[in-house]
Amino acid sequence: MAGRRARRTRDEGVTAVEFIGWVPLLILVALAAIQLGVVGYAAQQAGSAARAAARTAAQEDIEDEYESAGRAAVSEWLSVSIEAQALCGDEATVTARVAIPSVLPFMDAFGDASRTVTMPCD
């Protein structure tokens, strides 16, 4: 009986120490999963911005407002750049680039999510 008590008291706290060792890895995996979601969200927002800008650029009476329409389609916390390759002739082509923000503390360069949309002009 004395042997069991001695062993039990020496093992107390081992699980807590092992858990503390795993916590940084679990946090890193969680941040990587969140980063993957942010990348997908940025790509979706780039598509929304490009569609809104191209839709506006395809309308002759408001074609010069394409950039503000594209920016309005994107969440405010994202950085977006919108450029038109062609305004109304037969069709309007617009490219939107959204900078992908970093959630991971040691990685910054995720680049941009870019989408190009072409719409027929009115």
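The rules behind the values
- Within each chain, residue numbers correspond to sequence positions counted from 1 in written order.
- pLDDT decides what is reported in this predicted model: residues at 70 or higher carry local features, side-chain atom pairs at 80 or more are listed and counted, and totals for whole chains, interfaces and linings draw on all residues regardless.
- Heavy atoms throughout the structure, all of them, feed into the side-chain values; hydrogens and water do not.
- Two distance rules govern patches: like charges are joined within 9 Å, and nonpolar side chains (Val, Leu, Ile, Met, Phe, Trp, Tyr) within 5 Å, applied only to residues with over 30% relative accessible area and no salt bridge.
- The Shrake-Rupley method, run with a 1.4 Å probe sphere, supplies the accessible areas, and residue values consider only the shown protein chains as cover.
- Any Lys or Arg side-chain nitrogen located within 4 Å of an Asp or Glu carboxyl oxygen qualifies as a salt bridge.
- In this description a helix means any DSSP run of H or I spanning at least four residues, a strand means any run of E spanning at least two, and both kinds are numbered starting from the N terminus.
- What makes two residues a contact is simply this: any of their non-hydrogen atoms within 4.5 Å.
- Any Phe, Tyr or Trp ring, taking Trp's six-membered ring, that has another such ring centre within 6.5 Å forms a pair; planes under 30 degrees apart are called stacked, those over 60 apart edge-to-face, and the others tilted.
- Buried means the residue's accessible area, taken with a 1.4 Å probe over protein chains only, is under 20% of the maximum for its type, while exposed means over 50%, and partly exposed covers the values in between.

S.K.: Even after reading the chapter, I still don't get a nonpolar patch on the surface, so can you show me in this structure?
M.R.: Together, Phe 19, Ile 20, Trp 22, Leu 25, Leu 26, Leu 28, Val 29, Phe 106 and Met 107 give the surface a local cluster of nonpolar side chains, amounting to about 950 Å² of exposed area. Structurally, the position occupied by Leu 25 is in helix α2 (residues 14–57).

S.K.: Is there a simple way to think about the environment of Leu 78 in this case?
M.R.: By secondary structure assignment, the location of Leu 78 is in the loop between α3 (66–72) and β1 (80–86). For the pair Leu 78 and Val 98, spaced 20 residues apart in the sequence, the C-alpha separation amounts to 6.8 Å. Residues contacting Leu 78, with those up to four places away along its chain left out, are Tyr 41, Gln 45, Val 98, Ala 99 and Pro 101.

S.K.: I would appreciate a short explanation of the packing of aromatic side chains in the present structure.
M.R.: The geometry of an aromatic ring pair comes down to the distance between the two centres and the angle between the two planes. The tally for this structure, following the rule as stated, stands at one aromatic pair. Centre to centre, the rings of Tyr 41 and Trp 77 are 5.9 Å apart; their planes meet at 5°, and the pair counts as stacked. With a gap of 36 residues between them, Tyr 41 in helix α2 and Trp 77 in the loop between α3 and β1 connect regions that are remote in the sequence. Under the relative-accessibility criterion, Tyr 41 is labelled partly exposed at 31%.

Just distances and angles here, no functional claims.
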